[in-house]
Every structure is written in C-alpha cells, then in structure tokens.
Amino acid sequence: MIFAVIALVLAVNWITAHVNQKVREVARKTARVEYKLDLIMAHLGIEEPEPAGLDVVRDLLRKNKEIEAIKEYRRITGAGLKEAKDAVEALDY
C-alpha cells in the first residue's frame with residue numbers, strides 16, 4: 001500500500017513538472033510572438049486601438065472612483081491588476 005502511494009506521488013510530481021515546463025515554453029513563445037507583432041505594428045505605423053468601453057472608465061475617474069475604474073478596465077481588457085492600474089493612471093479624462 002505504501003509503495004502505491006509513493007508511486008502515485010512520484011507520478012503526480014513528474015506530471016506537474018512536465019506541465020509546468022510546457023507552460024513556461026508556451027509563455028516564452030507567446031512573448032516572442034508578441035514582440036514580433038509589436039515590431040511589425042511599429043514598422044507599419046499602426047498603433048494599438050483603444051479598448052472599447054474606456055468611456056465608462058474615464059467616467060469613473062471623473063467621479064474620483066479610481067478603484068472602480070481599475071476594476072472596470074480589468075473587466076474590459078482582461079489585464080492584470082498592475083497593468084490595469086498603470087493604464088488607468090495614464091488615461092486622460
């Protein structure tokens with residue numbers, strides 16, 4: 001019985017390590033693709049379009065509701081907390 005538990009733990013550890021390695025690999029590839037896309041857009045003079053719904057975020061900022069504005073920005077864009085905070089602070093309203 002104890003050998004079965006040890007074997008199961010080892011198998012789970014191996015699977016977890018393998019999955020984590022694949023996730024890191026996909027993250028690296030994604031970062032490379034994003035970098036290349038940024039280069040292409042810069043070369044063509046294309047700016048990233050403003051996400052739809054930022055009028056709601058700006059409205060919340062005008063009402064001094066920065067936390068709600070950050071939450072709304074995250075909902076609209078799917079951005080992380082730091083990215084959303086930085087983007088909202090950089091908005092002109």
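Residues numbered from 1 in each chain as written. Predicted model: local features only at pLDDT ≥ 70, side-chain atom pairs only at ≥ 80, totals over all residues. Heavy atoms only, no water.

1. Some details on the confidence of the model for the protein chain
Here is the rule we go by: A residue's pLDDT is simply how confident the predictor is in it, with values from 0 to 100. For helices the rule is a DSSP run of H or I covering at least 4 residues; for strands it is a run of E covering at least 2, with both sets numbered from the N terminus onward.
Put simply, the protein chain has an average pLDDT of 94, and 100% of its residues get 70 or more. Element-level mean pLDDT values for the protein chain span from 94 in helix α4 (residues 81-90) up to 96 in helix α3 (residues 66-77).

2. A look at the environment of E89
Selection criterion: Buried residues are those whose accessible area, probed at 1.4 Å on protein chains only, stays under 20% of the maximum for their type, while exposed residues exceed 50% and partly exposed ones sit between those limits. The definition of a polar contact used here is a pair of N or O atoms within 3.5 Å, where within protein one atom must be able to donate a hydrogen and the other to accept one, and adjacent residues in sequence count solely through side-chain atom pairs.
Tracing the chain through its elements places E89 in helix α4. Of the residues examined, E89 reaches a relative accessible area of 44% and is grouped as partly exposed. For the pair E89 and N20, spaced 69 residues apart in the sequence, the C-alpha separation amounts to 34 Å. Looking at E89, its side chain comes within polar contact range of the side chain of K85, at 2.5 Å.

3. Comments concerning the pattern of salt bridges
We count it as follows: We define a salt bridge as a side-chain nitrogen of Lys or Arg found within 4 Å of a carboxyl oxygen belonging to Asp or Glu.
According to the stated counting rule, one finds eight salt bridges in the structure shown. The closest approach of N and O atoms between R58 and E50, which form a salt bridge, is 3.0 Å. With a closest N to O distance of 3.9 Å, R62 and D59 form a salt bridge. Of this pair, R62 and D59 are both found in helix α2 (residues 54-62), three residues apart, which corresponds to roughly one turn of the helix. For R62, a relative accessible area of 47% gives the class partly exposed. The class of D59 is partly exposed, set by a relative accessible area of 34%.

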